[in-house]
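# Fold and geometry: a report
What follows is each chain in one-letter form.
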Amino acid sequence: MSTVIDHSPLESINADRLPPEAATGIHVTIHGHFYQPPRENPYINTIERQPAAAPFQNWNERIHYECYRPNAFARIFNNDGEVLGIINNFEYMSFNIGPTLMSWMQEYDREVYERILEADRKSCERLNGHGNAIAQAYNHIILPLANKRDKYTQIRWGKADFRSRFGRDPEGMWLPETAVDYATLAALVDEGLKFIILAPSQAERCREIPTEQNPDPIWHSVGGGQIDPTRPYRCYLPDGRHLDIFFYDGPISRDMGFSDVLSSSDLFIGRLGLAVRGDHRKSQLISVATDGETFGHHKMGTEKCLAYAFAVEFPERGWSVTNFAHYLSICPPTWEVVLKPVTAWSCSHGVDRWQDDCGCGGGGTYHQKWRRPLRDALDWLRDQLEPLFEEAGDRLFHDPWQARDEYIDVILERSASTVKEFLTRYQHHPLSPAEEIDALRLLEMQRHALLMYTSCGWFFEELSRPEGTQILRYAARAIELAGEIGGVQLERPFIDLLAKAPSNLAEFRDGAGVYRRQVVTSQVTFEQMTAHYGISSLFHDYAEQHRLYCFGVHQLDYQRQRMGSLTLAVGQVRLTSEITWESKHLVFAVLHLGGWDFHCCIQPFAGRREYGEIKEELFSSLNQASAAQTILDMTRLFSENRYYGLKHLFPEERYSIMQQLTANTRQRLDQLYTQVYRDNYGVLLAFHQDEREVPQELQVAAEVALSNRGTIACKSLQQATNAQDFERCLSELDAISTEAHNLHCRLKIPGIQQTLEKFTLRALNQLLANEASETLEEEVTLLLKALTVGESLRLNIDLSRVQEIYYTCLYQEIVPMCLEPETQPKNITVDPACRWRPGQMRSLLKLGQKLGIDVNAWLAP
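What you see is a predicted model; the values in this text were computed from it and never measured.

Looking only at helices and strands, the protein chain features 32 helices and 20 strands. Taking 29 Å as the expected radius of gyration for a compact globule of 861 residues, we find that the protein chain reaches 31 Å, a close match to that expectation. Its C-alpha atoms put the protein chain at 105 × 80 × 55 Å along the principal axes. Of the roughly 36,900 Å² of accessible surface on the protein chain, 49% is carried by carbon and sulfur atoms. The average position of the 87 basic charges and that of the 114 acidic charges among the side chains of the protein chain differ by 3 Å.

Here's what the structure looks like:
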C-alpha cells in the first residue's frame, strides 16, 4: 500500500452520509457470512478442548483470534509497517453472524461483541436507518429440507436473536448455504422479512416488472448464472406477495475465496472495477458475498485489505459504501425473477449435499453414502418426538408449539426470573416444581431436535468428523430427554437406523459405530458430575455454592482427612441443572491412594442416619491406614456398583490434577538438572565457544535448568505488585534470555507469553489512567523493557490490544487535547490544559513508536 492517508482515516467514510433520494453512481456492498457451528457438549453446555485447534482451546477461539477480532480492529499501515489507522470493518461491510456464534462471542470476548453491535448502530446512522447486520436462520439448517414447523421456528428464533442483540427488527435474512425454495420464501414473507441474498446460479429467468408502458416484458433465461447482479430483483409468490432478492457477483466472490485477489487492495479494487457497467445507467450495485472467515482465517491478514479499501480506495473512486437494505430503499426493484425449484450456493445438485451421495464435498476417495441414511434416521427421530411433545406439552402449555417458538427468550437469558416468567406466560395451569422440570425438558428436547439438523453434519466427506459427531450428540440428548419425559426408548431403533449409514473408516464401520464410540462416551450424568466434583475437591477448597459447567453445586456436607499417603473425602451435594432445573441429592466418597489411583463411589442420599454411618465407618477404616479395607467398606456401603477414577474427570480438570500430581517429581528433576548445569557450566560454555558438538546430557540439563529459572521468574512477575518487583523480574528474564542465547538453549517457559502480554496491557492502562503521574517516564521505561524482554526471548508477543488502547487514547485525547493543531513535525507544543508535560509527551510518543503506531508527525527529526 503506497497511499498515505490522514491520521483519522475514519473521517472520510463517516462523512459519506448517503442521501435518502434515488440512487446514483457506483455503490459497493461486501457481505460476510460469519458462522461457526455450535460446538458445545450438550450435557455440560461447554465447548471441550479440541486439540486440532492448538494452541487455542477450541476452533471458536482460534478463528476468533484470526478473524472476528482482527475485523473489529482492522489495521491500516503506513509504508514502514506502522499502524496508521484502526477500522471496524463491521461498520462498513454487510454481515450476518450466526446466533450460536454470537452467543459464544458474547461470553468469550465482550469487547468484540459490543464493537460489532456498535458497528451496526453506526451504519444505521450513516445509511438512513438501515444497518449492516442481517439475521440468519437460527442454527444453520437447510430450510428446504426442514418440515414446516421447523422452518418457521428457525426463522423466528433467528429474528428474535437478532432483535435481542441489535435492538431492531432485521430487514433481511441469510439463508444457510443460501438454500431456498418457494416454501421457504413464503415463510420469510410471513415473518416480515424484506430481502435475501442468493448466488447467481439460483436464478432461472428474469424480466422487467410489467408497467402500463410495457405490460408484457420479455423473459430472459439466466439459468447458467448469467443474471445481472448489479440490481435488486423482486420474486413473486403464487399468491401475489413478494420478497426482494440480491444476487451477488459470482465471479468476483469466487475470486475472493479461491484466488489472491484479496492479497492487496490494488488487486481487489481493480477486480471490483471490472464489474462497473459502461452503459451509462444512473446507478449500479457491485455486491459480493463470501464466508466471513475468508477475511483473516482462510486468508490471513486480508481484513487489512478490506480496511484500506473502505478507508481509502472506495472514497478516492467516489464509490459509496452501502448495504443491501439501504440500497433497496433508494433503488427499489424494477425487475422480477423466477428461481430454480430448490437450490443452494455450495451444491450444484440442488440441496443433495445434505441428503445424498451427490459428490459435492467428497474430498476425492471418500463416498458419502452415509448422508441419506443419516437424514432418514434424524427425520425418524424428529417424527417420533413430535407426538410426545404434543401429548405431554398439551398438559403443560396452552399451546406447545407457540411455547417452542418463544423458547428463544429462555435460550438467550437463562436466569431464574426469565424462565419463571416464560413458564407463567405459557403454562396451561400453575405448574408444580416437577411440572416445571418436565416443561423445560420438553422444550430442551425440541431445541436439541433442531440442533441435530445443523447443516455442517452433512457438509464434509465423512460422518465421523467432529461435525457429524456433534449433530449425533444433539440427537442423543433429545433421545435421553424423551425417555425422561415419556419413558419411551428410542435409542435402540435409532442406532439400528444409523447402522445403515456406512462410514469410510473401518474403525467405525457405520453410523452406529460412530454413535457408540464418539457419542455415548461424551454423555454426562449427575453421578459423573458428582464424581468430578468429589475427586477434584481433593485439590480445591470449594465454596458452599459452586458452579460446575451448567450445574449448580450446593455442598451440604464435606469432610476430608489424610492418613499417610491416603486421602479420603466424604460429602453430600445437591446438583441442579441450570438448563432443565432437574436436581439430584447425592453422596460421594473418594479415596486417593497416591499417584494416579483414585476410587470414587456415588449414590443417592438416603437420609442423615445412613449418611452418618457411611462417614463414620469410612473414616474409621482410614484411621487403620488400610487402603484395601477402606475400598472394601466403600464397596459395601455404596449400593451403586460403578466406580469412578481420574479418567472420568473432564479433560481440563484432569490435566490440572495431573500437573499437581507430578509437581514434586518435576521439582526434584529440576533441582537435579540445575545442579548438573551449575557443575558443568564452564565445560558447556567451552564446547560452544569451540563450536564443538555438546553432549546431549549437558545441553538438556542447561535447557531444563534455564527454563525452570525462567518459570520461577515468570511466576514472580505474575505476583509482583510494585515497580521495583516488576523491574527485578524483567531483569531476571532478560539475563536468562542472554544466557540461553549464549548456550544455544531452547527455552520452555509455560505461560511466559501470556504473562508478558497481560503485563504490558495492565501497565499501559495504568500509565494512561494516571493523572499527571510524576513517574510516567519510569512507567514507560518499564513497559519498553517488557517489550524488549519479549523480543529477546523470541516471543511473538500479541500487541493488538495494547495498540488499540494506545491508538484510541492518541486520537481521542492526546492529539485533540494535548497537541496543538498547528504543531510542526519538529516541535511538540502541549496545550496548557493537557495533563502531560512536553517531556512526558515525548516519552508517550516514543512508546507509541515502539508499539508500532505511526507517530512520526510529532517525532520526526
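Read on for the rest.
We now examine the sheet that holds strand 8 (residues 203-208). Strand order across the open sheet formed by six strands is 7-11-10-14-8-9, with mixed pairing between neighbours. Where the open sheet ends on each side, the last strands, each with one partner, are strand 7 (195-198) and strand 9 (220-221). Sheet topology places strand 10 (residues 233-236) next to strand 14 (residues 335-339); two bridges connect them, and they run parallel. Looking across to strand 14, one finds that Arg234 is bridged to Glu336.

Note: strand 10 against strand 11 (residues 242-247), four bridges, orientation antiparallel. Along strand 11, the bridge assignment pairs Arg234 with Asp244. From the end of strand 10 to the start of strand 11, which pair antiparallel, there are five residues, and Gly240 there has a positive phi angle of about 95°.

With that out of the way, let us pick up the packing of aromatic side chains. Centre distance and the angle of the planes are the two values used to describe a pair of aromatic rings. Evaluation of the coordinates by the stated rule reveals 32 aromatic pairs. Through pairs of rings, three or more aromatic residues link up here, namely Phe34, Tyr68, Phe90, Phe95, Phe162 and Phe166. One cation-aromatic arrangement involves Arg465 over Phe460; the distance from NZ or CZ to the ring centre is 4.0 Å. Its end group placed over the ring of Phe508, Arg517 keeps NZ or CZ at 5.3 Å from the ring centre.

Each neighbour pair has its own omega, and for Ala54 with Pro55 the value is 10°, a cis peptide bond. Looking at where Pro55 falls in the secondary structure, it is placed in the loop between strand 1 (25-34) and helix 2 (59-72). One non-glycine residue, Trp581, lies in the positive phi region at around 70°. As for its placement among the helices and strands, Trp581 is situated in the loop between strand 17 (566-577) and strand 18 (583-594). Among the residues examined, Trp581 registers a relative accessible area of 22% and is labelled partly exposed.

The next point concerns empty space enclosed by the protein. Within the structure shown, the criterion is met by four cavities of 30 Å³ or more. Here the largest cavity defines a volume of roughly 70 Å³. Listing elements by their share of the lining of the largest cavity, those giving two or more residues are helix 3 (99-108), strand 5 (135-136) and helix 5 (148-166). Considering every element that reaches the lining of the largest cavity, the biggest residue donor is helix 5, with five residues. Grouping the constituent residues of the lining of the largest cavity by class yields seven nonpolar, two polar and two charged.

Considering all chains together, one arrives at 55 salt bridges under this definition. For Asp109, the salt bridge identified is with Arg69, shortest N-O distance 3.1 Å. Of this pair, Asp109 sits in the loop between helix 3 and helix 4 (110-126) while Arg69 is found in helix 2, placing the two residues 40 residues apart along the sequence. Assessed through its relative accessible area of 7%, Arg69 is described here as buried. One salt bridge in this structure joins Arg149 and Glu390, with 3.5 Å as the shortest N-O distance. Note that Arg149 is positioned in helix 5 and Glu390 in helix 11 (residues 371-396), a separation of 241 residues in sequence. For Arg149, a relative accessible area of 36% translates into the label partly exposed. Salt bridges linked by common partners bring Arg69, Arg75, Asp109, Glu111, Arg801 and Glu804 together as one network.

The next subject is the pairing of strand 19 (residues 597-604). Counting buried positions along strand 19 gives six out of eight residues, so the element sits mostly inside the fold. Across eight bridges, strand 18 lies against strand 19 in antiparallel orientation. Each bridged residue has a counterpart across the sheet, and for His592 the counterpart in strand 19 is Phe598. Linking strand 18 back to strand 19 in an antiparallel pair, the connection comprises two residues, with Gly595 at a positive phi of about 60°. As defined by bridge partners, strand 19 adjoins strand 20 (residues 643-644) across two bridges and the pair is classed as antiparallel. Among the inter-strand pairings, Cys600 is bridged to a residue of strand 20, identified as Tyr644.

Further remarks concern the packing of helix 17 (residues 466-486) against helix 18 (residues 491-498). Their axes nearest at 10 Å, the elements helix 17 and helix 18 cross at an angle of 155°. One element, helix 17, and the other, helix 18, form an angle in the roughly antiparallel class. The two elements helix 17 and helix 18 meet at a crossing, and its hand is right-handed. Within the contact between the two elements, helix 17 uses Leu472, Ala475 and Ile479 and helix 18 uses Glu491, Phe494 and Leu498. In terms of residue class, the contact of helix 17 with helix 18 is built from five nonpolar, no polar and one charged.

Quick notes on the rules
- Residues numbered from 1 in each chain as written.
- Predicted model: local features only at pLDDT ≥ 70, side-chain atom pairs only at ≥ 80, totals over all residues.
- Heavy atoms only, no water.
- Helix = DSSP H or I, 4+ residues; strand = E, 2+ residues; numbered from the N terminus.
- Rg over C-alpha atoms; globule rule 2.2 N^0.38 Å.
- Areas by Shrake-Rupley, 256 points an atom, 1.4 Å probe, with all protein chains shown as cover.
- Lys, Arg positive; Asp, Glu negative; His and termini not counted.
- Charge placed at Lys NZ, Arg CZ, Asp CG, Glu CD.
- Pairing = 2+ DSSP bridges.
- Phe/Tyr/Trp six-rings, centres within 6.5 Å; stacked < 30°, edge-to-face > 60°.
- Lys NZ or Arg CZ within 6 Å of the ring centre and 35° of its normal.
- Buried < 20%, exposed > 50% of the residue type's maximum accessible area, 1.4 Å probe, protein only.
- 1 Å grid on protein atoms, 1.4 Å probe; cavity = no way out; pocket = protein on both sides within 12 Å on 5 of 7 lines; lining within 4 Å.
- Points joined across faces, edges and corners; volume = space filled by probe spheres on them.
- Nonpolar A, V, L, I, M, F, W, Y, C, P; charged D, E, K, R; others polar.
- Salt bridge = Lys/Arg side-chain N within 4 Å of Asp/Glu carboxyl O.
- Axes fitted to C-alpha atoms, helices over the stretch in contact; angles between N-to-C directions.
- Parallel < 35°, antiparallel > 145°, perpendicular 65-115°, else oblique.
- Left-handed = near helix turned anticlockwise from the far one by under 90°.
- Contact = heavy atoms within 4.5 Å.

Just distances and angles here, no functional claims.
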